[in-house]
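Each chain, written out:
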Amino acid sequence: MEWLSMDGLLLFGIGILAAIIGVMFGAAGFVLLPALLLVGIPIHATVAVNKFATGVSSLSTVLVLILKKKVRLKKMLPLMFVAAFGGISGAFFATRLSEQMMNIIACIVLIAMFFVVLKGNKKGLVSEQQDTEEQDGEQRTTLIAPFFIGIYDGGFGPGSALLNITYFLKKQFSYLKAAELTRFMMFASCISAFLFYFFYGIVDWGFAIPVTVGSIVGSHIGLKIIPYLKGKWIQFLLPTIFLLLIVQVVADLLSS
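Since the model is a prediction, treat every value here as computed from it, not as a measurement.

1. Section: the overall build of the chain
- Along the backbone of the chain there are 10 helices and zero strands.
- Starting at the N terminus, the α and β elements of the chain follow one another as α-α-α-α-α-α-α-α-α-α.
- Split into buried and exposed, the 256 residues of the chain put 54% on the buried side.
- Sequence separation of at least 24 residues holds for 84% of the intrachain contacts in the chain that already meet a minimum separation of 6.
- Taken as a whole, the chain presents about 11,600 Å² of accessible surface, with 72% of it coming from carbon and sulfur.

Here it is as structure tokens:
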């Protein structure tokens, strides 16, 4: 497929939209995966394209955050390492599971996290606090949750960035900081999973390139928009997007 054909431009636009939603609300897969499946790409190849696009777009924003000294790479490395290991593990398991089983796992994870978000909203999970330099450290985090989120991201992915954002919010980071740290986690888990899929031989570059270029553009647009989001909006949008993701996965299960 020619990258500058109508199909290529369509995929470029899908990549932009998916990345904006991914950076702001952690639900890029809600746009990207159904769109790629509609084009006719098999589920595992679709996941591989998604990992490549999200991983490269995350890298572009990670570099900006490091250069602007908003996040210290040294303190993110342990979390990124376990996320990367989780991503490879998830990709390994995914290549041994059917599409239906992958959807069942995704549905269980998303439903569980949906109730975590609802509970968190009642306790003021999303605050209007300002970022401080201490908020990019690892002192408030553990390695267990990022590992399992990495497994889910590497094997399937819809809502994985949202899971990371929710995790950092639970650790009392502001929404902006949670979104920034999530880009590091997504880069680690997505690139490691993509490498597994690449060596497994299920990557279609004709689809991957235009989606990835669009994702790079969209990720930077999303980071520019985040500071203008209000806590009350996020408290409403997070559970709403989780619910939409659950509906999508359940619909896939019923149609399979």
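2. Thoughts on helix H7 (residues 160–170)
- Of all 11 residues in H7, 10 are buried, a share of seventy percent or more.
- Buried within H7 are the following residues: Ser160, Ala161, Leu162, Leu163, Asn164, Ile165, Thr166, Tyr167, Phe168 and Leu169.
- Directly after H7, the chain includes Gln172, whose backbone phi takes a positive value near 70°.

3. A closer look at the packing of helix H3 (residues 43–67) against helix H8 (residues 175–200)
- Packing of H3 against H8 leaves a shortest axis separation of 7 Å and a crossing angle of 140°. As the angle between them shows, H3 and H8 are arranged oblique. The two elements H3 and H8 cross, and the hand of that crossing is left-handed.
- For the contact of H3 with H8, the class distribution of residues is 16 nonpolar, five polar and three charged.

4. Here's the deal with the packing of H7 against H8
- Two elements in contact, H7 and H8, have axes whose closest approach is 8 Å; the angle formed by their N-to-C orientations is 130°. As far as their axial angle goes, H8 and H7 are oblique. In this structure, the crossing between H7 and H8 has a hand that is right-handed. Of the residues in H8, those touching H7 at Ser160, Ala161, Asn164, Ile165, Phe168 and Leu169 are Tyr175, Ala178, Ala179, Leu181, Thr182, Met185 and Met186.

5. With respect to the confidence of the model for the chain
- Within the chain, residue pLDDT values average 78, and 73% of them lie at 70 or more.
- Every residue in residues 128–139 is under pLDDT 50, and counting partners more than four places away or in other chains gives 30 contacts.

6. Some points on the nonpolar core
- The biggest cluster of nonpolar side chains holds 54 residues, and the ones touching the most others in it are Met76, Phe168, Phe184, Tyr197, Val211 and Ile226.
- Those elements that place two or more of their residues in this core are helix H1 (6–25), helix H2 (28–39), H3, helix H4 (73–94), helix H6 (144–155), H7, H8 and helix H9 (205–225).
- Ranked by residue count, the leading element in this core is H8, at 10 residues.
- If near-sequence neighbours (up to four positions away) are discounted, Met76 is found in contact with Val71, Leu181, Phe184 and Met185.

7. Observations regarding the pattern of salt bridges
- Per the counting criterion, the structure on display carries two salt bridges.
- Taking the shortest distance from any N to any O, the salt bridge between Asp153 and Lys51 comes out at 2.6 Å. Highlighted residues: Asp153 in helix H6 and Lys51 in helix H3, separated in sequence by 102 residues. Note on accessibility: Asp153 and Lys51 belong to one class, buried.
- In this structure, Lys177 engages Glu180 in a salt bridge whose closest nitrogen and oxygen atoms are separated by 3.2 Å. With Lys177 and Glu180 both in helix H8 and three residues apart, this pair spans about one turn of that helix.

Reading the values: rules and limits
- Residues numbered from 1 in each chain as written.
- Predicted model: local features only at pLDDT ≥ 70, side-chain atom pairs only at ≥ 80, totals over all residues.
- Heavy atoms only, no water.
- Helix = DSSP H or I, 4+ residues; strand = E, 2+ residues; numbered from the N terminus.
- Buried < 20%, exposed > 50% of the residue type's maximum accessible area, 1.4 Å probe, protein only.
- Contact = heavy atoms within 4.5 Å.
- Areas by Shrake-Rupley, 256 points an atom, 1.4 Å probe, with all protein chains shown as cover.
- Axes fitted to C-alpha atoms, helices over the stretch in contact; angles between N-to-C directions.
- Parallel < 35°, antiparallel > 145°, perpendicular 65-115°, else oblique.
- Left-handed = near helix turned anticlockwise from the far one by under 90°.
- Nonpolar A, V, L, I, M, F, W, Y, C, P; charged D, E, K, R; others polar.
- pLDDT = per-residue confidence, 0-100.
- Core = buried A, V, L, I, M, F, W, Y, C linked by side-chain atoms within 4.5 Å.
- Salt bridge = Lys/Arg side-chain N within 4 Å of Asp/Glu carboxyl O.

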